[in-house]
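Residue-level structure breakdown
Now for the letters of each chain:
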Amino acid sequence: MAKKGDMLYAWTNDSDLAKKAECGGAVTELLKYALESKTVDAVLAVTRGVDLYEAVPVIVTNPKDLDNCAGSLHCGTILLSKLVMEYAPDIAGKKIGMVVKGCDMMGVLELAKRNLVNLDNIVMIGVNCGGSVSPVAARKMIREKFGVDPDKVTKEEIDRGQFIIEYEGGHKGIKMDDLEDEGYGRRSNCRRCKVKIPRQADIACGNWGVIGDKAGKATFVEVCSDRGAALLTKAVDAKKLSTEPADPKGIELRAKTEKSMLKLGDKWRERDFSALAPRLWETIGAETARCMKCYACIDHCPVCVTRPDRFEQPALMVRPGFVPADPMFHLRRFAHISDSCINCGQCEECCPSEIPLALFSHAIRTEADKFFEPKLGKPVYTN
Ligand SMILES: Cc1cc2nc3c(=O)[nH]c(=O)nc-3n(C[C@H](O)[C@H](O)[C@H](O)COP(=O)(O)OP(=O)(O)OC[C@H]3O[C@@H](n4cnc5c(N)ncnc54)[C@H](O)[C@@H]3O)c2cc1C
């Protein structure tokens, strides 16, 4: 019987699913079992779109359809939390299971604080996340650094610090650190992220720490809640999943990997924020001068929840018929989310003018946290 705090290796007993899954298929099997056992009424997951650079959100009610979602899409930069809110009226009173990366999980928690979703009705199966690569950036990187046509790539993965591709004619891996030093690699918000294991989900699943004969064949599972423990126990009792205690050396290795990823996050924060610090407001002014008022930053932000008809009004300093939006629009938006920006990067990812909005809001949030919580370090801004 599983309990909160357990660390296990888990794998599906379904051999077809095992072939499609990223590791041991525990994530897919747990979500399938949640549907079959009516623990949830629907599942929100991600499936491959037109190619491996596109991740598409899907609502699934037939457990078998979840097999199409197995596997990790490292170029899937989608955020699922706001979708749950949008579906909330339709699924009111029903339970939903969802797969969450750290940012998805934080987005759900922010929406719960605003009473826009009910955590009692959401079962979160977490996946560890070292970061994702934007689809456009991934294609460019594969063409320029790997010398491979991105359309010929059949599989991508991030393993032991390398971005690895399989393509017609072979496979190749390049160290992520080397790629990132040259401006390729993960999205900049992911580099700064320090929520690599989503422990506020019910269960956190990953590949870090799976060693020995189970390497590549099992999912490392950390049980984070009593609800997660109950779901796992029932799935094992129903013979859907098998588990064994994680190897203590694997647990140690996972902890070390997490620690080094957090250190790397600090390094990127220092690098990005220090570069911005001397000319913060001038930079924000110059960059946001490209704003074309599409409001994608608001539409996709999981912590700014407003209605489009609220945008074009004097209080937001958005004058109809004028572009760019007045700088005050951006400052109001940054102020609004300054204590809750989760650094998911959606504002930046979806901005057609390529304004580094996530950098600005993450810098503002992180600096404010440091001012009020000195244990977090010294603020870098001087102006
Ligand atoms: C972008 C990304 C980075 C990751 N980095 C790490 C890491 O550094 N260390 C580590 O230990 N684990 C990492 N993982 C988790 C790992 O790849 C596996 O998802 C995990 O081990 C579960 O394996 P599984 O076989 O049980 O999953 P499966 O049964 O194959 O299920 C995978 C689930 O992930 C969902 N999914 C796939 N792509 C995405 C996406 N882009 N966004 C949201 N959901 C998605 C699918 O909907 C599916 O439900 C990462 C996952 C992703 C998506």
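Residues numbered from 1 in each chain as written. Predicted model: local features only at pLDDT ≥ 70, side-chain atom pairs only at ≥ 80, totals over all residues.

1. Focus on the pairing of strand β1 (residues 7-12)
Each regular strand displays side chains that alternate between the two surfaces of the sheet. The line we're drawing: In this scheme the burial state of a residue depends on its C-beta neighbours within 10 Å: 20 or more other such atoms mean buried, 12 or fewer mean exposed, and anything in between means partly exposed; the C-beta positions come from the backbone. The numbering of helices and of strands both runs from the N terminus, where a helix is a DSSP run of H or I of at least 4 residues and a strand a run of E of at least 2. For two strands to be treated as a pair, DSSP must find no fewer than two bridges joining them.
Burial analysis of β1 places five of its six residues in the buried class, the great majority of the element. Of the pairings in the sheet, the one linking β1 to strand β10 (residues 219-223) comprises four bridges and is antiparallel in character. Across the sheet, the residue bridging to M7 is E222, located in β10. Summarising the sheet, β1 and strand β11 (residues 241-245) pair through five bridges and their orientation is antiparallel. Bridge pairing in β11 places L8 opposite P245.

2. Quick notes on the nonpolar core
Across soluble globular proteins, you tend to see nonpolar side chains buried next to one another. How we decide: Throughout this description, the term nonpolar core refers to a group of buried Ala, Val, Leu, Ile, Met, Phe, Trp, Tyr and Cys residues whose C-beta atoms join them within 7 Å. Residue pairs are scored as contacts if the distance between their C-beta atoms, which are placed from the backbone, is within 7 Å.
In terms of nonpolar packing, the biggest core is built from 96 residues, with L30, L31, V43, M98, I125 and I203 touching the most fellow members. Take this core: its biggest share by element is seven residues, from helix α2 (residues 26-36). If we ignore the near neighbours within four places in the chain, the residues touching M98 are V43, L44, L80, V84, I122 and M124.

3. A closer look at helix α12 (residues 327-337)
This is how it is decided: What the arc measures is the spread of directions leading from the helix axis to the C-beta atoms.
Among the residues making up α12, those that are buried are H330, R333 and I337. Buried positions in α12, seen along its axis, are confined to an arc of 60° and lie on one side of it.

4. Here we look at the environment of D65
Looking at where D65 falls in the secondary structure, it is placed in the loop between β3 (55-60) and α3 (81-87). In this structure the C-alpha to C-alpha distance between D65 and F322, which are 257 residues apart in sequence, comes to 47 Å.

5. Some details on the sheet that holds strand β7 (residues 162-167)
Applicable threshold: Under this scheme, a helix contributes an axis fitted over its contacting stretch, all axes are lines through C-alpha atoms, and angles between N-to-C directions fall in the 0 to 180 degree range.
Overall, antiparallel pairing links the three strands, which are arranged β6-β7-β8 in an open sheet. Since the sheet does not close on itself, it has two edges, and those belong to β6 (153-159) and β8 (170-175), each with one partner. With strand direction ignored, the average angle separating the axes of adjacent strands in the sheet is 15°.

6. Quick notes on helix α8 (residues 226-237)
Basically, it comes down to this: For a helix, the expected span equals 1.5 Å multiplied by the residue count minus one.
Taking 1.5 Å per residue, 12 residues should reach 16 Å; α8 reaches 16 Å between its end C-alpha atoms and fits that length. Among the residues of α8, those classed as buried are G228, L231, L232 and A235. Buried residues of α8 fall within an arc of 95° about the axis and therefore sit on the same side. Those residues of α8 that are exposed and aimed more than 90 degrees away from the buried face are D226 and D237. Residues of α8 that are buried sit in contact with α2, β5 (122-127), β9 (203-206), β10 and β11. Positive backbone phi, approximately 65°, marks K239, located one or two places after α8.

7. Overview of the sheet that holds strand β4 (residues 96-100)
Here eight strands make up an open sheet; going across it, the order is β3-β2-β4-β5-β9-β10-β1-β11 and the pairing mixed. Lying at the two open borders of the sheet, with one neighbouring strand each, are β3 and β11. When the angles between neighbouring strand axes are averaged without regard to direction, this sheet yields 30°. Its contacts with the sheet place α2 against β1, β2 (42-48), β4, β5, β9, β10 and β11, and it is angled at close to 170° to β5. Packing of helix α4 (residues 102-113) onto the sheet brings it into contact with β4 and β5, and relative to β5 it is tilted by some 155°.

8. Thoughts on the site of the ligand
Heads up, the rule is: Placing a C-beta atom from the backbone of each residue, we mark the residue near a molecule or strand if the atom is within 6 Å of it.
Lining the immediate surroundings of the ligand are 32 residues, of which T28, A45, G76, G130 and G206 lie closest. Elements supplying a minimum of two residues to the shell around the ligand: α2, β2 and β9. The greatest single-element share of the shell around the ligand, amounting to three residues, is contributed by α2.

9. Observations concerning the domain arrangement of the protein chain
What counts is decided by this rule: Where each domain starts and ends follows an automatic or database-derived domain assignment. Here the nonpolar group is Ala, Val, Leu, Ile, Met, Phe, Trp, Tyr, Cys and Pro; Asp, Glu, Lys and Arg are the charged ones; every other residue, Gly included, is treated as polar.
Looking at the assigned domains, one finds that the protein chain contains domain 1 (7-132 + 190-246), domain 2 (135-185) and domain 3 (275-376). The straight-line distance from the C-alpha centre of domain 1 to that of domain 2 is 25 Å. With seven residues of domain 1 in contact, the opposing surface of domain 2 contributes eight residues. The class makeup of the residues in the side of domain 1 that touches domain 2 is three nonpolar, two polar and two charged.

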